Amino acid sequence: MQTTVSPNSNDNLWDGGNKPLKASYGKMMMWFFIVSDALTFSGFIVSYGFARFKFADSWPIADEVFTHVPFVHGKELPMIYVAFMTFVLIMSSVTMVLAVDAGHKMKKAKVTFYMFLTIIGGIIFVGSQAWEWATFIKGDYGAVKTKGGNILQFLDANTSKRIAVSDFAFEFVNEREQQQEYNGIWYQNESSLPLFSIDEVIAGMEASPNILIRTQLLNDKGHKTILTREESLEILKSNGVSVVNGANLIENEYGVPLFANFFFFITGFHGFHVFSGIVLNIIIFFNVIIGTYEKRNSYEMVEKVGLYWHFVDLVWVFVFTFFYLV
Amino acid sequence: MADHTHKLEIFRGLIKFKSNTQKIVGVLILLSIVTLIEVVLGIYKPTILNEYFLNLKLLNWIFIILTIVKAYYITWDFMHMRDETSILRRIVVWTAVFLILYLTFILIQEGGYIFDVFDDTSNYIKKDF
């Protein structure tokens, strides 16, 4: 009858020595926290699914968005970097579980070493995520936003590859300056202007006959719809309003604004968990070094923080699938 | 796990490990292989897998199933769920699974409905202009 709670009648029930379900108080509470946190994350990921089903015919293709790898320029390598990040996190999970295992055997030196590796893995992961964010915010090709808030991207007709707005747009001489607090109307300012105005893009497109426009709509094969030259010019002239570079919470060059919003929110919330996990790991790491758990004769604290760390890895497995794969 | 014993077999006893460390390495290899399959499928996206099954592409079914496989091994072996009492396991896993299934059903269903409203050919709602 392992399901029944049967306290030893001689023990004091309320002084913390009682272990229902054969798990200590701290470990069980960590499990309950993990359940509630898992529900929070599933709330986020499922609302991402909601937005995606809502825009089922025009959602950005992740493989075309996350194509960058640090130190490699001019190549499109989808999935590679995020696969690396996933692997780093799995590895740090493994070193964590090895630390827990060494803790059971009361081997202080091994616990210290594996905890150290775990922290390093976590830092590499958070750093990679920061880089991924920076690349995403900076953007690469740029696009034009229409009156209806849709995104038009540009293609080279000969190679059918994406082409950056800055490669073909004209630069008119100083049409308009950014309004700052000290010019124009005092104490009023605006955010920095896009690199090109819509007229510069139209002029550039008219001058180079090999450029086509790609809309957000997906065709039967799951590719973005490419317009003919006439359609491209027409839609740009009649609907285009502004040039978008990179991503923020209001607009992004990849497509539906919600795509960037969910990216920032979900990977941000996960990154925050990784960060707090690193902080907890560091605290435990120093406790191991000064011998707190050696004196306590139990390394259970390492196990508890390990549970949290594995949970962070678990969440990433799902974020990886739903953001980058599906 | 107060007595520090681990169940050392995975795949329902198909693979047995001699020590806990060995089991960890075994699970690491398994997780790496699954991730590798996911990444390769994600890069090449074979066209055969574009068929739909229950409103979802076969490829996406594969991704989701592989994800659940990975989640299972992380929880069972890294988080030592395999060594906990069955009731603790049920409290944690069933609560989460039921609530998540319910939430998923409601929100995905609703998202699909809103898509149909937007997609309505009678053009009450215009989103491309």
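No experiment lies behind these values; they were computed from the predicted model shown. (Residues numbered from 1 in each chain as written. Chains lettered and ligands numbered in written order. Predicted model: local features only at pLDDT ≥ 70, side-chain atom pairs only at ≥ 80, totals over all residues. Heavy atoms only, no water.)

**Examining the overall build of chain A**
Now for step 1: Counting secondary structure elements, chain A contains 10 helices and five strands.
Now for step 2: Relative to the globule expectation of 20 Å for 326 residues, the C-alpha radius of gyration of chain A, 26 Å, shows a markedly less compact shape.
Now for step 3: Burial analysis of chain A (326 residues in total) assigns 50% to the buried set.
Now for step 4: Within chain A, contacts between residues separated by at least 24 positions form 70% of all contacts whose residues are at least 6 apart in sequence.
Now for step 5: Counting 24 positive and 30 negative side-chain charges, chain A places the averaged centre of each group 12 Å from the other. (Helix = DSSP H or I, 4+ residues; strand = E, 2+ residues; numbered from the N terminus. Rg over C-alpha atoms; globule rule 2.2 N^0.38 Å. Buried < 20%, exposed > 50% of the residue type's maximum accessible area, 1.4 Å probe, protein only. Contact = heavy atoms within 4.5 Å. Lys, Arg positive; Asp, Glu negative; His and termini not counted. Charge placed at Lys NZ, Arg CZ, Asp CG, Glu CD.)

**Describing the packing of helix α3 (residues 80–104) of chain A against helix α10 (residues 300–325) of chain A**
Packed helix pairs are characterised by how far apart their axes lie and by the angle those axes make with each other.
Residues and elements named next belong to chain A.
Now for step 1: Between α3 and α10, whose axes approach to 10 Å, the crossing angle comes to 160°. Judged by the angle between their axes, α3 and α10 are roughly antiparallel. The element α3 and its partner α10 pack so that their crossing is left-handed.
Now for step 2: Here the residues of the contact of α3 with α10 are counted per class, giving 16 nonpolar, six polar and two charged. (Axes fitted to C-alpha atoms, helices over the stretch in contact; angles between N-to-C directions. Parallel < 35°, antiparallel > 145°, perpendicular 65-115°, else oblique. Left-handed = near helix turned anticlockwise from the far one by under 90°. Nonpolar A, V, L, I, M, F, W, Y, C, P; charged D, E, K, R; others polar.)

**Brief notes about the domain arrangement of chain A**
All names here are of chain A.
Now for step 1: Partitioning chain A into domains gives domain 1 (24–139 + 259–325) and domain 2 (143–245).
Now for step 2: For domain 1 versus domain 2, the distance between C-alpha centres works out to 37 Å.
Now for step 3: Facing the nine residues of domain 1 at the interface are seven residues of domain 2.
Now for step 4: Of the charged contacts in the structure, one is a salt bridge between Arg214 and Glu64, with a shortest N-O distance of 2.9 Å.
Now for step 5: Where domain 1 meets domain 2, there are three residue pairs in polar contact (both at pLDDT 80 or more). (Domains from an automatic or database assignment. Salt bridge = Lys/Arg side-chain N within 4 Å of Asp/Glu carboxyl O. Polar contact = N/O pair within 3.5 Å; in protein donor to acceptor, adjacent residues only side chain to side chain.)

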